[in-house]
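Coordinate analysis (summary)
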Amino acid sequence: MDILVFATVVLPFLAAIALLLLRDKGSRGLIVVGTAVVLAAASLALVGQGAFEYAPKSILGISLDGLITLLDFALLFVILVIAMTKLKNPLVAALTAIQIVGLIYLEFFMMDHGAAKAAPAMFADSLSMIMVLVISIVGSLICVYALGYMPAHEDHLHLARTKQPRFFFYLVAFLGAMNGLVLANSLMWLYFFWEVTTFCSFMLISHDGDETSVKNATRALWMNMTGGVAFVFALIFLQKTGTGLYLSELLKPGFSAAGAAALIPLFMLCYAGITKSAQVPFQSWLTGAMVAPTPVSALLHSSTMVKAGVYLVLRLAPAYSGTMLSGTLAMFGAFTFLTTSALAVGQSNAKKVLAYSTIANLGLIIACAGINTPAAITAAIVIIIFHAVSKALMFLCVGTIEQKIHSRDLENMRGLYMIMPKTTIVALIGVVTMLLPPFGVLMGKWMAIESAAAMKYMPVTVMLALGSGLTVMFWARWAGILLSTPYPKGIPAEPQPGTVRGPLVLLAAGAVLLSLFVPFLYGGLIEPAVRSSHKAAGFVLDAFNFVNQQGVFYIYPLFLVLGVGFYFAWKQARKVEAADCVGPYLCGAQSTGDDKAFVSTAGANVGYQASNFYLTWLFGEERLTGPINMVSGVLLAVMLGLLLGGVI
Amino acid sequence: MGKLLLATLAVFLAPIVGGLIAGIDRKITARLQSRFGPPILQPFYDVFKLLGKAPMMMNPWQILTVWVYLLSSMLTVFLFFMGSDLLLIFFVMTIGAVFFVMGALSTQSPYAQVGAQRELITMLTYEPLIILVFVSIAMVTGSFKVSEVFAYGKPLLYQLPLMFIVLGYALTIKLRKSPFDISACHHAHQELVRGVLTEYSGPQLAIIEIAHWYDVVFILGLVGLFWATSAPGMIILLVVTYFAELVIDNVTARMTWKWMLQSVWCWGLALSVLNLLWLYAG
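Every value quoted in this text rests on a predicted model; they were computed, and no experiment measured them.

Regarding the packing of aromatic side chains
With the rule as written, the count across this model stands at 39 aromatic pairs over all chains. Plain terms: the ring middles of A:Tyr170 and A:Phe199 are 6.0 Å apart, the flat faces sit at 75° to each other, and that makes the pair edge-to-face. Placement of the pair is A:Tyr170 in helix 6 (residues 164-183) and A:Phe199 in helix 7 (residues 187-205), with a sequence separation of 29 residues. Residue A:Phe199 is classed as buried on the basis of its relative accessible area, which comes to 10%. Taken together, a centroid distance of 5.6 Å and an interplanar angle of 55° make the contact between A:Trp194 and A:Phe231 tilted. Here A:Trp194 is found in helix 7, whereas its partner A:Phe231 is found in helix 8 (residues 211-240), with 37 residues between them in sequence. Its relative accessible area of 0% is what places A:Phe231 among the buried residues. One aromatic cluster in this structure is built from A:Tyr417, A:Phe566, A:Trp570, B:Trp61 and B:Phe99. Sitting over the ring of A:Trp194, A:Lys276 keeps its end group 4.7 Å from the ring centre. A cation over an aromatic ring shows up here: B:Lys27 above the ring of B:Phe36, its NZ or CZ 4.4 Å from the ring centre.

Spelled out as structure tokens, the structure:
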């Protein structure tokens, strides 16, 4: 156990330090790939071991609790110094200072350090292990991809001296912090790793160092810092009420019976999760984070950072089950799902479409945690897993495409198949696995809608139905554009570094294969995770189909019919000859030689142009962001108000 | 086993029924417009003629997408007659709808592009409504399964009258009838030529037509669910509903997509919420 926890949590930090010190390209590649392999293997071995509790006492004679406290203060002071000197941002400084003061109060005036520990500092159940798998495998693939991506990125910036050692330091350390976060039982440890991810994301977003990236990184920092403040308050509150600062204490049955005394810290922790997951009204930090190099976006969006937020909300779901907090969280998540899906429709910037769709999916996960039935919790976990794989894939595809065509605008991806056929196909697989049955993300959506309907949760159901329609709109549009091409006469070869192609192909294969094996994944990990928090399972497997009172989702019949049908359709498409192909219909007067023009009455060739409907009059950021932020701010205030109302 | 047989039979019969409905539709529409109209079997003649034509297309993707569209429509009907999960069936139908749009978008043709965008808007309009119809059915019967509707024992129409109107909206849109025929009008005389269908010809167009017949059978199946207790009741409901669609088609003009999105969402949502509230209170 020591060795596996060491490999997943401590090793990435050591590798990160090595990456900082050994600055040459060769050893960087070796370390990153080596760490990736070890991490993936260790995460699988951890799953093989099964659930565990683990209480590491000391390292080299230093108490670990003390070490974590020390590092915590060190980290906060570093942030404080950065806020005051480099950023000159009083808000960040104040938020950091509040956390320092709060921690000092908690550590030195409230806690009895001599007392025996009530619970082990670390534990893992199926949910933690699923998270470790996602972080260690998807995250590692993204780090490997960065090896191929960053040299081209730096060429573009014309840097005198490479900043890659620093970049990879934070990238790899991020994975260790995330693993620590999901394995922590002690809330003090959880808080420490939580702040490490905030800091890493700040450093990674501001990596390029220009004005925009620093500005956006600062926004990410202060928004997440408000979550950090809430976290510290939750700790103080819990300590005050005499609850031990351990997740296992919060998850004990009957915890929420304490009423507001239990619900207020739970709300504070959920609020921290909401800021970290960039839910409305905090969505702007994640869309702003798009200025960072693509591997950062991919990492933040798929396997780290935002997933830490939904992990915490989901982890606490049993603690607030059946309370008003649960119901309002469902509303809040569904609202985020609907509104950010609408914002995604209004975007032609591919990265922004991905960003809003990430926030939407996170909203869906939070809605499921709020619905809080076994089926809904299953849906949340399914979406976490499949969204991580497909979204990582989509981000890496957009990064690759952008480096080739120098644009991330959807409109510029027309005819992409003629330039980069392999990446286009991989991106299409990404879109299809995000959108259509029988793939995992859609299955999660199906579970979510059916569980909302089962709860007769009308506002939530209506918002999920509307949001679902919006998601189809922006994904279908993108998929169509990726196909948009004249008859491909001689498709070019597409050279690509192995560190780029490898992760792309592996993630695409993963997205499809995981969906294919989802019944086994369910039996092995997801169902145990649901059962650890709820009495019953959400679904039973009947001939590998997901069945419950509400409905049934066929897996293998659909895969078989759709797979065979798709193969047949593909075969038919392959038979097409160049001779059968014509140019588009342009009302008669088509110019010869140029497919994209017609002949005018004056005999000149006149081009035409068609583009997507983005419906910005309805779904544009300018139109929607203000009202969305206002409504979501009110929702949060109402949540807090109702809880406080219980105290006074 | 019986279900499997019924579903297989339905997959074979659906295009015949769908084609006949299309023929009767054209005949009645002609009569409403004081024309004589084509023979009832005309849609079949059309499709067979199209199937015999030499294939012409802009790129191979179009072939791929039309076949996937047909496949998903067939699977939709199959699952429906298997008594399967309504929401799942709907998502399977979405595969076809998405691939159909992808095929049109793949062509780089201005008419098809605009048509595809409009088709996306129509999907955006009817998808939430159909999901809400399913949710309301699930609230009444306690399950999303079609088989449970048949086992329920009372016509759904009693409890879901407003949802039936909402489904009517979706039906009108899906049948591409006025005032919602914005993406591919039946009458190829508008500014869009035939919109999303512009770049499909010959066998591909025939396949799309057949897939559309499957869709019509599925949507009418949904209508039938509202009177699942007796066969005559179901047939009367279907005939009345379809005739109402024809009348609406003939007395309305095509409206803009903006109007469609706004009015259908507003009315559809208002009616759905009212009906759901009523169920919830009841």
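Once you've had a look at it, read on.
Some thoughts on the interface of chain A and chain B
Each partner contributes to the interface: chain A provides 71 residues, whereas chain B provides 63 residues. A buried area of about 6,100 Å², summed over both sides, lies between chain A and chain B, and 79% of it is on carbon and sulfur atoms. The largest per-residue losses of area from chain A upon contact with chain B belong to A:Met458, A:Leu483 and A:Phe613, which jointly make up 10% of the total buried on that side. Put simply, chain A and chain B have zero salt bridges between them. Taken together, the links from chain A to chain B amount to 16 residue pairs in polar contact (both at pLDDT 80 or more). Looking at the side of chain A that touches chain B, the elements with two or more residues in it are helix 18 (421-435), helix 19 (440-454), helix 20 (458-483), strand 7 (552-553), helix 23 (556-574) and helix 24 (616-619) of chain A. Counting residues per element, the side of chain A that touches chain B draws most heavily on helix 20 of chain A, which supplies 16 residues. For the side of chain A that touches chain B, the per-class residue count stands at 49 nonpolar, 16 polar and six charged.

Regarding helix 7 (residues 161-174) of chain B
Residue and element names in this part refer to chain B. The end-to-end C-alpha distance of helix 7 is 20 Å, a good match for the 20 Å that 14 residues give at a rise of 1.5 Å each. Along helix 7, the residues classified as buried are Met163, Phe164, Val166, Leu167, Gly168, Ala170, Leu171, Thr172, Ile173 and Lys174. Contact partners of the buried residues in helix 7: helix 4 (86-105), helix 5 (110-141), helix 8 (202-225), helix 9 (231-251) and helix 10 (257-281). Directly beyond the C-terminal end of helix 7, a positive phi value near 55° is found at Arg176.

Thoughts on the sheet that holds strand 6 (residues 545-547) of chain A
Residues and elements named next belong to chain A. With antiparallel pairing, the three strands of this open sheet are ordered in space as 5-6-7. With partners counted over all chains shown, the strands left at the sheet margins are strand 5 (540-542) and strand 7, one partner each. Pairing analysis gives two bridges linking strand 6 to strand 7, with the strands arranged antiparallel. Bridge assignment links Val547 to a residue of strand 7, and that residue is Val552.

What about the nonpolar core?
In this structure, A:Trp285, A:Tyr320, A:Ile381, A:Trp478, B:Phe134, B:Ile137 and B:Phe226 are the most contacted members of the largest nonpolar core, which totals 372 residues. It is helix 17 (residues 374-405) of chain A that contributes the most residues to this core, 22 residues altogether. With sequence-adjacent residues up to four places away left out, B:Phe226 is seen in contact with B:Val133, B:Ile137, B:Pro155, B:Leu156, B:Leu157, B:Leu160, B:Met163, B:Phe164, B:Leu167 and B:Leu237.

Quick notes on the rules
- Residues numbered from 1 in each chain as written.
- Chains lettered and ligands numbered in written order.
- Predicted model: local features only at pLDDT ≥ 70, side-chain atom pairs only at ≥ 80, totals over all residues.
- Heavy atoms only, no water.
- Phe/Tyr/Trp six-rings, centres within 6.5 Å; stacked < 30°, edge-to-face > 60°.
- Helix = DSSP H or I, 4+ residues; strand = E, 2+ residues; numbered from the N terminus.
- Buried < 20%, exposed > 50% of the residue type's maximum accessible area, 1.4 Å probe, protein only.
- Lys NZ or Arg CZ within 6 Å of the ring centre and 35° of its normal.
- Contact = heavy atoms within 4.5 Å.
- Buried area = accessible area lost by both parts, 1.4 Å probe.
- Salt bridge = Lys/Arg side-chain N within 4 Å of Asp/Glu carboxyl O.
- Polar contact = N/O pair within 3.5 Å; in protein donor to acceptor, adjacent residues only side chain to side chain.
- Nonpolar A, V, L, I, M, F, W, Y, C, P; charged D, E, K, R; others polar.
- Expected span 1.5 Å × (residues − 1).
- Pairing = 2+ DSSP bridges.
- Core = buried A, V, L, I, M, F, W, Y, C linked by side-chain atoms within 4.5 Å.

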